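Structural description and commentary
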Amino acid sequence: MAAPLCLFLKRPKLVWLFTCIVTALTFLISVLLLQQVITHGTLVYELGGWAAPWGIEYRIDQLNAFILCIISGISAVVAMAAHTSLQKELSKDRHIYFYMLYLLSLTGMLGIVATGDAFNVFVFLEISSLSAYALIAMGNDRRALWASYKYLIMGTVGATFILIGIGLMYQMTGTLNMHDLAQRLPEVSQTRTVFVSFAFIVVGVCLKLALFPLHLWLPNAYAYAPSIVTAMFAATATKVAVYLLIRFTFTIYGLSFSFTTLPLNILFLVLGLTGVFVASVAAIYKNNVKHIFAYSSVAQVGYMIVGLSVGTAAGLTATLVHIFNHALMKGALFLALAGVMYRLGNVQLSGFQGLGRQMPLTMAAIVVGGLSLIGVPLTVGFISKWYLVLAVIENGWWPVAVLILLGSLLAIVYLWRIIEMAYFKPANEHSETVKEAPFSILIPVWILVIANIYFGIDTRISVGIAQSAAQSLFGITP
């Protein structure tokens, strides 16, 4: 409802304040939902009073309540920095359209996570994707249009695959309700149609979450979109797709079908680890810092998929913890880059010379976010790697644990290039007047940086909810 209302407010600053209030309220509602689900169990709401499977159902369990909190929380923090950041990256007459699309994209992502209807997943996917294409195309650089077009083509292929998969499932079961599908699919699980539907859905979702080698749309989309758009999508969009993959493989098709009947775990393990190494090596050779962190996102998605491939409650816990932690890391890093973009007008690595002294707070945020990416103790990244390595070792996959640690070492290389430029090189002559980023950008950046450290020390909330959600999907009663 809030998205079209933006058109009536006319003034950019007013629309920004309205967006901040809406996203903050959304976050508050998500937190209250999570509390209610933890206390009273799964919430089921029948839209318009029509009973499922005829009517559309919203089913909130611990898994999607947790993801809802992550998406709405990040979008609320990122929105705080939007007004200042957009002044340098977007002409004033387009600000209102930006906020409208921002809210629509948020609506789509929240809808994907909250709905209990498989066809509605596709509908909300299109709402979030179409607004995402437009938001990326708003970038100042002409290459933003090409990046948006590339994402449009690959995103449309992904969405079509998902729709075909859903259609085939409907053909075999006569229902679109996820809860109903989970009960009816086992009866027809050995038919060729169900195998084909599973293949279409997995490939379609993997396109959306940018799993190697289906990640080609992501680096340029992140690099050339406005900084606020990058911060929002890097922290939320791929997480929603990972949630979808978990929902389809664990809840709808079921664990035995996904990991026993079909060798999905081996496929995920190979693609996940390959993604970690290929994307990390690609990041080392990039000179645009947004590109570096975009490839790093592809590598981090690899870690999440490795967690899923383990096929145990511990592996799923590691993935869910990393979804939460990666949102905090990438939100902080890309918002800090928005501050650099505001002062320098670009985020080329060469422009970072001497920034450690000129923009100490912004660069300190990038350093903390970077340490988190590597997995240094007392940061959220360490918690993610710890649980992932534990899950892998528990499964007896010692070589995989070694490869995960080697992947973290590659992150040191590309982060050192940024730190070396910022702290060990003299400032460029023409950029000696560079000032610290404005407080309206620094405050949201440091909210996320402090969260990176806090949740790296006190893991009761993040790990507790992730473990509980994973165990409920495996039918384990705590």
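Refer to the structure above for everything that follows.
Below is a short write-up of the structure.

Calculation criteria
Residues numbered from 1 in each chain as written. Predicted model: local features only at pLDDT ≥ 70, side-chain atom pairs only at ≥ 80, totals over all residues. Heavy atoms only, no water. Helix = DSSP H or I, 4+ residues; strand = E, 2+ residues; numbered from the N terminus. Rg over C-alpha atoms; globule rule 2.2 N^0.38 Å. Buried < 20%, exposed > 50% of the residue type's maximum accessible area, 1.4 Å probe, protein only. Contact = heavy atoms within 4.5 Å. Expected span 1.5 Å × (residues − 1). Axes fitted to C-alpha atoms, helices over the stretch in contact; angles between N-to-C directions. Parallel < 35°, antiparallel > 145°, perpendicular 65-115°, else oblique. Left-handed = near helix turned anticlockwise from the far one by under 90°. Nonpolar A, V, L, I, M, F, W, Y, C, P; charged D, E, K, R; others polar. Salt bridge = Lys/Arg side-chain N within 4 Å of Asp/Glu carboxyl O. Phe/Tyr/Trp six-rings, centres within 6.5 Å; stacked < 30°, edge-to-face > 60°. Core = buried A, V, L, I, M, F, W, Y, C linked by side-chain atoms within 4.5 Å. Disulfide = S-S within 2.5 Å.

Another point: the overall build of the protein. Helices and strands together make up the secondary structure of the protein, namely 20 helices and two strands. For the protein, the C-alpha radius of gyration of 21 Å lies close to 23 Å, the compact-globule estimate for 478 residues. For the C-alpha atoms alone, the extent of the protein along its principal axes is close to 70 × 55 × 40 Å. The 478 residues of the protein split such that 60% are buried. Counting only contacts in the protein whose residues sit at least 6 apart along the sequence, the fraction spanning at least 24 positions is 78%.

Before going further, it helps to examine helix H12 (residues 264-284). The terminal C-alpha atoms of H12, which comprises 21 residues, lie 30 Å apart, in line with the 30 Å expected from a rise of 1.5 Å per residue. Buried residues in H12 make contact with helix H8 (192-208), helix H10 (227-252), helix H11 (255-261), helix H13 (289-309) and helix H18 (398-424).

The subject of this paragraph is the packing of helix H16 (residues 360-374) against helix H19 (residues 439-457). Relative orientation of the contacting elements H16 and H19 amounts to 30°, with a least axis distance of 10 Å. Looking at the two axes, H16 sits roughly parallel to H19. In this structure, the crossing between H16 and H19 has a hand that is left-handed. Facing Leu361, Thr362, Ala364, Ala365, Val368 and Ser372 of H16, the residues of H19 in contact are Leu442, Val445, Trp446, Val449, Asn452 and Ile453. Partitioning the contact of H16 with H19 into residue classes produces nine nonpolar, three polar and no charged.

Turning our eyes to something else, we now look at the pattern of salt bridges. When charged atoms on two side chains of opposite charge get close, those side chains can pair. Applying the stated rule across the entire model yields four salt bridges. Here Asp180 makes a salt bridge to Arg184, at a shortest N to O gap of 3.1 Å. Of the two residues, Asp180 and Arg184 both sit in helix H7 (residues 178-188), four residues apart, roughly one turn of that helix. Exposure remark for Asp180: the relative accessible area of 13% places this residue in the buried category. Looking at Arg184, the relative accessible area reads 32%, which means it is partly exposed.

Right, let's get into the environment of Ile201. Secondary-structure assignment places Ile201 in helix H8. Sequence separation between Ile201 and Thr160 is 41 residues, and the spatial gap between their C-alpha atoms is 9.3 Å. Ignoring sequence-local partners within four residues, the contact set of Ile201 consists of Phe161, Ile162, Gly165, Ile166, Met169, Phe248 and Tyr253.

Here we take up the packing of aromatic side chains. Evaluation of the coordinates by the stated rule reveals 14 aromatic pairs. Every member of this aromatic cluster is reached through a ring pair, and the members are Phe66, Phe324, Tyr454 and Phe455.

On to the nonpolar core. In terms of nonpolar packing, the biggest core is built from 167 residues, with Phe98, Ile246, Tyr253, Phe293, Leu320, Phe352 and Ile366 touching the most fellow members. Those residues in contact with Phe98 that lie beyond four places of it in its chain are Ala82, Leu86, Leu90, Leu135, Met138, Ile228 and Val229. If you look at the next biggest cluster of nonpolar residues, it comprises 13 residues, including Leu273, Val276, Tyr303 and Ile404.

Taken as a whole, this structure holds zero disulfides when the rule is applied. Of the cysteine sulfurs around Cys69, a residue in no disulfide, the closest is that of Cys20, at 19 Å.

Here we come to unusual backbone geometry. Pro213 follows Phe212 through a cis peptide bond whose omega is 5°. Examined against the element boundaries, Pro213 turns out to sit in the loop between H8 and helix H9 (218-224). Notably, Ala210 is not glycine yet its phi reads approximately 60°, a positive angle. Among the structural elements, Ala210 can be located in the loop between H8 and H9. One non-glycine residue with positive phi stands out, namely Leu378, at about 75°. Position of Leu378 among the secondary structure elements: in the loop between H16 and helix H17 (380-394). Looking at Leu378, the relative accessible area reads 55%, which means it is exposed.

With respect to the helices and strands, Ala294 occurs in helix H13. In this structure Ala294 comes out as buried when scored by relative accessible area, which is 0%. In this structure, the C-alpha to C-alpha distance between Ala294 and Val270, residues 24 residues apart in sequence, is 21 Å.

Inspection of the secondary structure assignment puts His322 in helix H14 (residues 313-344). Beyond its immediate sequence surroundings of up to four residues, His322 is in contact with Gln300, Tyr303, Met304, Met329 and Ser384.

Given a rise of 1.5 Å per residue, 15 residues ought to cover 21 Å, and the 21 Å separating the end C-alpha atoms of H17 matches this to within 8%. Here H17 has its buried residues at Val380, Gly381, Ile383, Ser384, Lys385, Leu388, Val389, Ala391 and Val392. In the segment just after H17, Gly396 is the residue with positive phi, at about 85°.

To continue, consider the packing of H17 against H18. As a packed pair, H17 and H18 sit with axes 8 Å apart at the nearest point and diverge in direction by 160°. By the angle between their axes, H17 is roughly antiparallel relative to H18. For the crossing formed where H17 meets H18, the hand is right-handed. Of the residues in H18, those touching H17 at Lys385, Leu388, Val389, Val392 and Ile393 are Trp398, Val400, Ala401, Ile404, Leu405 and Ser408. By residue class, the composition of the contact of H17 with H18 is nine nonpolar, one polar and one charged.

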